[in-house]
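# Topology and contacts: notes
Given next are the chains, with one letter for each unit.
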Amino acid sequence: MKILHTADWHLGKRLEHVSRLDEQRAVLDEICQIADEESVDAVLLAGDLFDHPNPPIEAIELLYGTLRRLAAGGRRAVIGIAGNHDAPDRIAAPDPLARASGILLAGYPAAETRPIDLETGLKTLRSGEGWIEIKLPDHEAPLRILLTPYANSLRLRKALNPEDSSEEVARLLTEHWAEAASACCDEKGVNILMAHLLMMAPGGEMPEESEDERTILTPGGLQEILTDTLPSAIDYVALGHLHRPQSIDTNVVYSGSPLSYSMSEAGQLKSVVILDAAPGNIQVKRVALKAGRPLARMRFDDIDDAVLWLENNPEA
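So, here's what we can say about the structure. Residue positions are given per chain, counting from 1 as you read along its sequence in written order. A pLDDT threshold of at least 70 governs which residues receive local features in this predicted model, and a stricter bar of 80 or more applies before side-chain atom pairs are shown or counted, although totals over entire chains, interfaces and linings include all residues. Working from all heavy atoms in the structure, the side-chain values ignore hydrogens and water.

### Overview of the pattern of salt bridges
Whenever a carboxyl oxygen of Asp or Glu lies within 4 Å of a side-chain nitrogen of Lys or Arg, that contact is scored as a salt bridge. Taken as a whole and judged by the stated rule, the model has 13 salt bridges. Note that Glu38 is salt-bridged to Lys285, the shortest N-O span being 3.1 Å. You can see Glu38 sitting in the loop between α1 (21-37) and β4 (42-45) and its partner Lys285 sitting in strand β17 (residues 281-288), a full 247 residues away along the chain. We classify Lys285 as partly exposed; its relative accessible area is 39%. One salt-bridge network, in which partners are shared between bridges, spans Arg126, Glu133, Arg144 and Asp186. The numbering of helices and of strands both runs from the N terminus, where a helix is a DSSP run of H or I of at least 4 residues and a strand a run of E of at least 2. We call a residue buried when its accessible area falls under 20% of the maximum for its residue type, exposed when it is over 50%, and partly exposed in between, using a 1.4 Å probe and counting protein chains only.

Here it is as structure tokens:
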């Protein structure tokens, strides 16, 4: 099966006074084209669908229209989770209509998705708190996904263990993932964990966050999670939150945002991730995105040089 991993669309986001909506339309159109050209069977959207809990109507319309295109009339599974910029209830709200098209949206940790069974052959085989097993059209091996939308410490404890008053959120996540993997994962399927959080390798450096994303570790936020907490049965970890495309460990991957959203991202090359997946064997490649205006940070010793550069780079 082929799977497209993307994240951090931040629909409705502006750069100072500049609207990015036209750029967002263009890059989401490009992602839809990539999904078709690569004959993708499923799309994973790892959080921060919107830039604000109360997004403008244009952003909402763009999201729903794009998800519908990606779902391709129920022939392709589309699974999305809430990020730290999203309101969980808003992400989960269109569920009854979305499921009819093969779109599954999770707003809260440990939420159990409701079943789907479409004429295309796309259907839910099993589900539990924070995980789902899907039958994709034309594929015998099932796709299992552990879903971990963003949650602050309080919300995460409430969802996973209301009686636990400790601050050991990483332990709660580790136990939750282990239980979910034990319930749904084996060597006969493709096993993926999708999460919106800050993850790092043990002993590694803290991953670099963009200027707009330095909120996830604030009081009440979620501390960094180490890769050694991941269940051994997981074949690939589809992450959202960091805007720079990067791999934290083998098959532990941030797809990155589709556009550069702050000046700290100037010059970054954006992409989506394509997985060619079979049970126990996942090949990963990046496909570059070309849409969107470039961001540049320039320094000049002379005003005339600055004006000349601006005249020669009107799209930047």
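### Brief notes about the nonpolar core
To define a nonpolar core, start from buried Ala, Val, Leu, Ile, Met, Phe, Trp, Tyr and Cys residues and group those joined through side-chain atoms within 4.5 Å. Counting 34 residues, the largest nonpolar core has Leu4, Trp9, Leu11 and Leu67 as the members making the most contacts within it. Within the residue set of this core, elements represented by two or more residues are α1, β4, α2 (57-71), β6 (103-106) and β16 (271-278). Residue contacts follow a heavy-atom distance rule, with two residues in contact if any of their heavy atoms lie within 4.5 Å. Here Leu4 is in contact with Ile31, Ile34, Ala35, Val40, Ala42, Val43, Leu44, Val272, Val273 and Ile274, once residues within four sequence places are set aside. Formed by 31 residues, the second largest nonpolar core is a distinct cluster that contains Met1, Leu122, Ile132 and Val253.

### A few points about helix α6 (residues 169-184)
Here the expected span of a helix is defined as 1.5 Å times the quantity of residues minus one. Between its first and last C-alpha, α6 extends 23 Å over 16 residues, near the 22 Å set by a 1.5 Å rise per residue. Those residues of α6 not exposed but buried are Val169, Leu172, Leu173, His176, Trp177, Ala180, Ala181 and Cys184. One side of α6 carries all its buried residues, which in axial view fall inside an arc of 155°. Residues of α6 that are exposed and point over 90 degrees away from its buried face: Glu179 and Ser182. Arc, as used here, means the arc of the directions from the helix axis to the C-beta atoms.

### Quick notes on the sheet that holds strand β15 (residues 252-254)
What makes two strands pair is DSSP finding at least two bridges between them. Within the open sheet, the 7 strands sit side by side as β7-β8-β9-β10-β13-β15-β14. Their pairing is mixed. At either end of the open sheet lies a strand with only one pairing partner, and these are β7 (123-128) and β14 (246-249). Adjacent strand axes in the sheet meet at a mean angle of 20°, parallel and antiparallel pairs treated alike. As judged from the 3 bridges shared by strand β13 (residues 236-240) and β15, these two strands associate in the parallel manner. Bridged to Leu239 within β15 is Tyr254. The strands touched by α6 are β7, β8 (131-135), β9 (143-148) and β10 (190-196); relative to β9, the strand with the most contacts, the crossing angle is about 160°. Here an axis means a line fitted to C-alpha atoms, over the contact stretch when the element is a helix, while the angle between two N-to-C directions is reported on a 0 to 180 degree scale.

### Some thoughts on the environment of Trp177
Counting through the fold element by element, Trp177 comes out in helix α6. Classification of Trp177 as buried rests on a relative accessible area of 0%. With 155 residues separating them along the chain, Trp177 and Asp22 place their C-alpha atoms 39 Å apart. If we ignore the near neighbours within four places in the chain, the residues touching Trp177 are Leu146, Thr148, Leu193, Leu197, Met199, Ile225, Thr229, Leu230 and Pro231.

### Observations concerning a negative patch on the surface
Like-charged residues within 9 Å of one another, or nonpolar side chains (Val, Leu, Ile, Met, Phe, Trp, Tyr) within 5 Å, are grouped into patches, provided each residue has over 30% relative accessible area and no salt bridge. Reported accessibility uses the Shrake-Rupley method at a 1.4 Å probe radius. Residues are deemed covered only where the shown protein chains occlude them. None of His or the chain ends enter the tally, which takes Lys and Arg as positive and Asp and Glu as negative. Charged groups are reduced to one reference atom each: NZ for lysine, CZ for arginine, CG for aspartic acid, CD for glutamic acid. Together, Asp301, Asp302, Asp304 and Asp305 give the surface a local cluster of negative charge. Residue placement: Asp305 occurs in helix α7 (residues 303-312).

### Quick notes on the side chain of His85
Along the chain, His85 turns up in the loop between β5 (77-81) and α3 (88-92). Reaching out from His85, the side chain makes a polar contact with the backbone oxygen of Asp51 at a distance of 2.9 Å. N or O atoms closer than or at 3.5 Å make up a polar contact, with two conditions inside protein: a donor-capable atom paired with an acceptor-capable one, and, for residues adjacent in sequence, both atoms drawn from side chains.

### Concerning helix α5 (residues 153-160)
Those residues of α5 that fall on the buried side of the exposure criterion are Ser153, Leu156 and Arg157. Down the axis of α5, the sector holding all buried residues measures 95°, keeping them to one side. Facing away from the buried surface of α5 by more than 90 degrees, the exposed residues are Leu154 and Lys158. Buried residues in α5 make contact with α6.

### As for the sheet that holds β16
Strands sit in the order β6-β5-β4-β1-β16-β17 across an open sheet of 6 strands; the sheet is mixed. Lying at the two open borders of the sheet, with one neighbouring strand each, are β6 and β17. Each strand of the sheet is rotated relative to its neighbour by a mean of 20°, with strand direction disregarded. Examined bridge by bridge, β5 and β6 share 4 bridges and lie parallel to one another. Bridging from a neighbouring strand, Ile81 pairs with Ala106 of β6. Where α1 meets the sheet, its contacts fall on β1 (2-6), β16 and β17, and the angle it forms with β1 comes to roughly 165°. Where α2 meets the sheet, its contacts fall on β4, β5 and β6, and the angle it forms with β6 comes to roughly 135°.

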